[in-house]
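Summary of the model geometry
Here is what each chain is made of, one letter per residue.
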Amino acid sequence: MNRFAWIARLALIATAAAAAPVAAQMPAPATTAATPAQDQAPPPLEVSVTGGVSAPMPIAIPAMPTNAVISTPAGTTDDLGRKLSDIVTNDLKNSGLFSPLSPAQLRSVIFPEVTAPAFDYWNGTGAQALVQGFIRANGDGTLTVGCYLYDVFSKIELARQGFVVPPADWRRAGHKCADMVYTRLTGEGPYFDSRIVYVSETGPKTKRIKRLSVMDQDGANHRFLTNGQSIVLTPRFAPNQQTIVYMSYVNDRPAIYVYDIGSGRQRLVVQNVNLTFAPRFSPDGRYILFSMSQNGNTDVYRVPASGGAPQRLTNSPGIDTGGSYSPDGSKIVFESDRSGGQQLYVMNADGSNQQRISFGGGRYGTPVWSPRGDLIAFTKLGGAFRIGVMSPSGGGERLLTNAWQDEGPSWSPNGRVITFFRSTQGGSGKADLWMVDLTGQVERKIPTPLDGSDPAWGPLRP
């Protein structure tokens with residue numbers, strides 16, 4: 001279990017681009033709570049990431065007040081304050097580690113109270129932690145959103161963050177507030193302010209329309225990137241989050257494309273590919289890993305992201321597919337049927353030292369390395385399709401789902417949650433996007449306008 005010191009700390013998000021949230025100076029608490037004597041200090045307020053599922057932390061998240069009700073392109077500031085607290089509430093609740101108080105237990109908070117909480121009231125509700133914030137319209141058209149985390153019992157501030165955002169990015173401020181709370185109380189990395197790219201599907205099973213789509217991790221801000229005139233498959237974010245690599249069948253000819261999210265332009269990287277699965281960027285963005293069939297043999301290749309001649313990394317009889325780099329780029333995990341059935345193998349990034357790591361019953365496919373480097377997620381095939389994890393050496397195998405057909409895992413930026421797609425039993429061909437955490441106990445469906453498959457979770461946004 002992680003141990004934290006009792007301190008109030010300021011954590012500000014530095015801006016990485018003009019459109020990204022900008023750190024704002026935050027008002028200090030109006031009053032200073034008494035600090036317990038050293039020999040009487042209570043144990044740190046924290047959430048156990050292993051025990052939190054069965055006993056999630058009670059937390060209060062009242063609506064964020066505003067200093068003045070102002071109309072903005074995103075709505076009035078008082079309405080946005082309520083919606084911001086809803087985003088924080090839903091993010092923390094969906095993690096399975098927190099139990100937000102019901103609306104009936106939440107009192108209204110006025111603007112000056114944000115930095116001077118009514119600790120006695122919140123202590124009476126049973127909440128252990130309190131999240132308060134505010135929203136303020138600025139003269140230049142931007143919004144300032146503030147977020148404070150308090151320990152209710154000890155009556156102290158634990159963390160604060162502030163953001164200056166354009167109205168269009170108000171939701172991101174809510175996700176970053178939730179990330180601050182989650183990180184401070186669990187010791188885990190953030191993941192709420194991130195996006196998922198996937199394949200949106202509609203139509204009968206024999207004639208599916210498949211479009212490239214992107215959305216926030218909670219399903220909001222959904223956007224179609226392609227028009228469905230050609231089939232798209234297996235999209236994956238680049239490390240810089242500005243581009244997406246994917247497979248497309250233009251004029252029924254398979255090829256690998258890179259799509260620029262900002263401009264909407266796409267460029268061809270590899271064409272005339274007979275068979276390929278899940279093209280994926282290397283961690284440094286220099287290469288794209290993919291599989292290709294040549295002369296009846298399918299192997300793993302890499303090609304410069306800017307284009308060029310592919311380099312073959314495997315050369316064994318059978319089918320080698322599904323490569324994924326380790327976070328440091330030194331190794332690659334892939335699947336191969338060279339032993340007679342689909343199994344997982346790990347090799348060095350140059351293709352040397354290929355070793356099998358899966359030895360359980362059944363078959364294994366679609367491996368992907370955790371961003372923390374400690375686990376590899378996979379699809380296990382044997383009667384049903386299930387999502388599982390194992391160590392990079394093959395030990396500690398655990399299955400996390402137990403449905404009829406779950407496949408295509410992809411990791412959250414902090415390596416604690418996995419998104420995948422689940423197909424319904426029968427001939428409809430319908431599939432939906434889901435998430436599951438590493439305990440296997442917290443599982444939820446991600447809302448999408450249409451059916452969905454092939455999800456890929458992007459890095460944390462700047």
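What comes next concerns the included structure. Everything quoted here is computed from the prediction, not taken from an experiment.

A few points about the nonpolar core
Counting residues in each nonpolar core, the largest one holds 45 residues, and the members touching the most others are Leu92, Phe98, Val131 and Leu185. Ranked by the residues each element gives to this core, the list is headed by helix α3 (residues 170-186), at 8 residues. Once residues lying within four places of it in the same chain are set aside, the contact partners of phenylalanine 98 are Val47, Pro56, Met57, Ile59, Leu92, Lys93, Tyr182, Leu185 and Thr186.

Focus: the sheet that holds strand β29 (residues 406-411)
Read from one edge of the open sheet, 4 strands run β29-β30-β31-β32, paired in antiparallel fashion. The open sheet has two edge strands with one neighbour each: β29 and β32 (443-445). The mean inter-strand angle of the sheet, taken between neighbouring strand axes irrespective of direction, is 25°. Sheet topology places strand β31 (residues 431-437) next to β32; 3 bridges connect them, and they run antiparallel. Counted as the bridge partner of valine 436 is glutamate 443 from β32.

What about the packing of aromatic side chains?
Following the criterion strictly, the structure yields 12 aromatic pairs and no others. The interplanar angle of 5° and the centroid separation of 6.2 Å between the aromatic rings of tyrosine 148 and tyrosine 150 together place this pair among those described as stacked. The residues tyrosine 148 and tyrosine 150 share a single accessibility class, namely buried. Ring geometry for tyrosine 191 against tryptophan 457: centres 6.0 Å apart, planes inclined by 75°, an arrangement best described as edge-to-face. A residue pair is termed long-range when its members are at least 10 positions apart, and tyrosine 191 in the loop between α3 and β10 (194-202) and tryptophan 457 in strand β33 (residues 451-460) qualify at 266 residues.

So, the sheet that holds strand β17 (residues 280-281)
Spatial ordering of the open sheet is given by β17-β18-β19-β20, a layout of 4 strands whose pairing is antiparallel. Of all the strands in the sheet, just β17 and β20 (311-312) have a single pairing partner and so form its edges. In terms of strand pairing, strand β18 (residues 287-294) meets strand β19 (residues 297-304) through 8 bridges, oriented antiparallel. Bridge pairing in β19 places isoleucine 288 opposite valine 303.

Topic: unusual backbone geometry
In this structure, threonine 234 is a non-glycine residue whose phi angle is positive, near 45°. Locating threonine 234 in the fold gives a position in strand β13 (residues 231-237). The exposure class of threonine 234 is buried, given its relative accessible area of 11%. The phi angle at threonine 366 is positive, at roughly 45°, despite the residue not being glycine. Tracing the sequence through the fold places threonine 366 in strand β25 (residues 363-369).

Thresholds applied
Residues numbered from 1 in each chain as written. Predicted model: local features only at pLDDT ≥ 70, side-chain atom pairs only at ≥ 80, totals over all residues. Heavy atoms only, no water. Core = buried A, V, L, I, M, F, W, Y, C linked by side-chain atoms within 4.5 Å. Buried < 20%, exposed > 50% of the residue type's maximum accessible area, 1.4 Å probe, protein only. Helix = DSSP H or I, 4+ residues; strand = E, 2+ residues; numbered from the N terminus. Contact = heavy atoms within 4.5 Å. Pairing = 2+ DSSP bridges. Axes fitted to C-alpha atoms, helices over the stretch in contact; angles between N-to-C directions. Phe/Tyr/Trp six-rings, centres within 6.5 Å; stacked < 30°, edge-to-face > 60°.

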